[in-house]
Amino acid sequence: MKYLKLLQKTCNSIKKQSSRFLSSILSDLALVFLSFGIFYYTFVQLLPHLEVMVGAMTEGLSGEMNDAFYSHYHSALGIIIFFILALFIVFVLVKGSNYKLFVLDKKEYWRYMLKFAGVNVIWGILLFLLLSLYLNFVFSTVMALNPLISLKAAGLLFYIACAVVVYFASLSYVLIDKGFLKGLKKAFVIGIKKADILLWNFLVVFIIVYLLKFIAMKSPLGGAVFGMFVLLPLIGFNRWFVKEIIKKD
């Protein structure tokens, strides 16, 4: 009953500020296009280096080829670092502006953006550590005769761990507006204390993301339409739902 009342309150809040809600969704869409643009540019720049590296590994590295391999390896590494930094900057600028201008309020914009960048460094490090642990496990499992758990189970645990990080990160984006460390701490407190209410919307979003993978594999166009008209509005609604719960708290 409490959950349904909060859903209704969120719907009423969106109706009163429908232009801001629509702008928030369009901002998410812009972030998707920009991210794909950065990825495509990086892939085009990276591909020639990867081709040389794979060719050198296939043919068996001589001293001369070894030098060529490492030359292209360092170039590829620089491109990947550029990709990560560019994606981080675009995410902070677009997503941070989305929260501050369309979900919260416009006061002290740049102060919030600095806090948004700082908190995402923390979440980014956590996600990087999770990815490193997962990849190390995959490599060790391939070589092991009797792994402790299967790759499928490890993959599921990895996705769950990433979902947990996304859950607390989403709460922190609203809470850091009133203070960085205080907001970060409250993200964990409220995230655990009100999990019985908050988790339902996040679960729906995570399920939709999971379904989107299968839809996109069968029909890229269908996946794009599904993501644009189903996933993005759900993510936008969840942002406002989180804000209503935190306002109430």
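Scroll up for the structure.
Residues numbered from 1 in each chain as written. Predicted model: local features only at pLDDT ≥ 70, side-chain atom pairs only at ≥ 80, totals over all residues. Heavy atoms only, no water.

**Examining the overall build of the protein**
Phase 1 of the analysis: Assigned secondary structure in the protein consists of eight helices and zero strands.
Phase 2 of the analysis: In terms of overall dimensions, the protein has C-alpha extents of about 70 × 45 × 40 Å along its principal axes.
Phase 3 of the analysis: The buried share of the protein, reckoned over its 249 residues, is 36%.
Phase 4 of the analysis: A fraction of 72% describes how many contacts in the protein between residues 6 or more apart in sequence connect residues 24 or more apart.
Phase 5 of the analysis: Surface exposure of the protein reaches about 15,500 Å², of which carbon and sulfur atoms provide 74%. (Helix = DSSP H or I, 4+ residues; strand = E, 2+ residues; numbered from the N terminus. Buried < 20%, exposed > 50% of the residue type's maximum accessible area, 1.4 Å probe, protein only. Contact = heavy atoms within 4.5 Å. Areas by Shrake-Rupley, 256 points an atom, 1.4 Å probe, with all protein chains shown as cover.)

**Here's the deal with unusual backbone geometry**
Phase 1 of the analysis: Unusually for a residue other than glycine, E108 sits at a positive phi of about 50°.
Phase 2 of the analysis: By the secondary structure assignment, E108 is in the loop between α3 (63-103) and α4 (109-143).

**Brief notes about the packing of aromatic side chains**
Phase 1 of the analysis: For the coordinates displayed, the defined rule picks out 19 aromatic pairs.
Phase 2 of the analysis: An angle of 70° between the planes, with centres 6.3 Å apart, marks the rings of F39 and F83 as edge-to-face. Within this pair, whereas F39 is found in helix α2 (residues 18-59), its partner F83 is found in helix α3, the two being separated by 44 residues in sequence.
Phase 3 of the analysis: The partly exposed category is assigned to F39, whose relative accessible area is 47%.
Phase 4 of the analysis: Geometrically, the ring pair formed by F116 and Y173 is tilted, given 4.6 Å between the ring centres and 45° between the ring planes. Placement of the pair is F116 in helix α4 and Y173 in helix α5 (residues 151-175), with a sequence separation of 57 residues. For the pair shown, F116 and Y173 are each scored as buried.
Phase 5 of the analysis: Aromatic ring contacts, followed pair by pair, group W123, Y167, F168, F188, F202 and F206 into a single cluster.
Phase 6 of the analysis: Stacked on the ring of W240, the Lys or Arg K243 has its end atom at 4.0 Å from the ring centre. (Phe/Tyr/Trp six-rings, centres within 6.5 Å; stacked < 30°, edge-to-face > 60°. Lys NZ or Arg CZ within 6 Å of the ring centre and 35° of its normal.)

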